[in-house]
Amino acid sequence: MRATITYTGKEYLIDLTKAIDISIPLVNTAANPIAWYLDAPEISPVMMDDWIGKVSEGKSSTNFNNIAFNPHAHGTHTECLGHITYDFYNVNDSLKNYFFFAQLITISPEFQENGDYIITLDQVKNVWKGNNQKAVIIRTTPNEITKTHTKYSHTNPPYLEAQAAVFFREQGIDHLLIDLPSVDREQDEGQLLAHKAFWNVKDTRHLNEDARLEATITEMIYVPNEIKDGMYFLNIQLASFVNDASPSKPVLYQII
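Worth saying up front: this structure is predicted, and the values here are computed from it rather than measured.

A. Structural context of the layout of surface pockets. Quantified by volume, the largest pocket comes out at close to 290 Å³. Taken together, 14 residues line the largest pocket, and the ones lying closest to its centre are Thr140, Pro142, Lys147, Pro158 and Leu180. Its residues placed into classes, the lining of the largest pocket shows seven nonpolar, five polar and two charged. Put simply, the second largest pocket is a space of about 230 Å³. What lines the second largest pocket is a set of 15 residues, among which Pro25, Leu26, Phe69, Thr76 and Pro247 lie closest to the centre. In terms of residue count, the dominant contributor to the lining of the second largest pocket is strand S17 (residues 245-254) (three residues). Class assignment for the residues of the lining of the second largest pocket results in eight nonpolar, six polar and one charged.

B. The arrangement of the side chain of Thr218 in detail. Inspection of the secondary structure assignment puts Thr218 in strand S15 (residues 216-219). Within the local environment of Thr218, its side chain forms a polar contact with the side chain of Thr78, the two groups lying 2.7 Å apart.

C. Geometry of the packing of aromatic side chains. By the definition in use, this model includes 14 aromatic pairs. Taking the centre distance of 6.1 Å and the plane angle of 40° together, the rings of Phe99 and Tyr253 count as tilted. You can see Phe99 sitting in strand S9 (residues 99-107) and its partner Tyr253 sitting in strand S17, a full 154 residues away along the chain. Taking relative accessible area as the criterion, Phe99 reaches 37% and is therefore assigned partly exposed. Both rings, one in Phe101 and one in Phe233, keep their centres 5.1 Å apart while their planes meet at 45°; by these two values the pair is tilted. Here Phe233 lies in strand S16 (residues 230-238) and Phe101 lies in strand S9, a separation of 132 residues in the sequence. By the burial criterion, Phe101 is buried, and Phe233 matches it.

So, how was this worked out
- Residues numbered from 1 in each chain as written.
- Predicted model: local features only at pLDDT ≥ 70, side-chain atom pairs only at ≥ 80, totals over all residues.
- Heavy atoms only, no water.
- 1 Å grid on protein atoms, 1.4 Å probe; cavity = no way out; pocket = protein on both sides within 12 Å on 5 of 7 lines; lining within 4 Å.
- Points joined across faces, edges and corners; volume = space filled by probe spheres on them.
- Nonpolar A, V, L, I, M, F, W, Y, C, P; charged D, E, K, R; others polar.
- Helix = DSSP H or I, 4+ residues; strand = E, 2+ residues; numbered from the N terminus.
- Polar contact = N/O pair within 3.5 Å; in protein donor to acceptor, adjacent residues only side chain to side chain.
- Phe/Tyr/Trp six-rings, centres within 6.5 Å; stacked < 30°, edge-to-face > 60°.
- Buried < 20%, exposed > 50% of the residue type's maximum accessible area, 1.4 Å probe, protein only.

See the structure below:
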């Protein structure tokens, strides 16, 4: 099934049957990725007296599981500026549209004198192709399949330079996706410079009028190596959680 999309006066053709899922699923095994010093997520059958919500146990006609997880720590998730503000804002209200013109870029974070690896403004500018895109997907290298089950806590993963986040904001990018647990440093004393820069949040306790309420950041994605850099259409599928963040399934469609 193919669809023709008209965007900024140009027509693009995509095949809706060939979606490229770039999310990392939540699983109840050691294979699940983990960040922010938490334990693994739990998916377990409901137990009431001698009844177990699991068909294979022979006492239930249905599988009936509880799920305990943290969206920021346990897989692909999409967040709004409510992640860093004193007042409550939820991603379910922030994300109004779900389909975007997007650029996929690949960057090798640069080593810094302090031992950090950073995605810099210069690196972003070198691969940027201005084409009225509203979303950018950042794939970092090395890009091993181990990203889908990495234990990130206490590892100081690479992160995004704040000036690069400003650049994306100034280029009109509303949706920033990255294959790391955060756009900011793991331990930064609460500065959250890239988050604040992208959302244009100047004071987390008193939100400025020009803060970007409809902009989102999606973290912990995984883009396989065979997917080439370039322009795509992006569909962000979001679970309807009234929370600052929700598990999500971003999907790419190649332009034919």
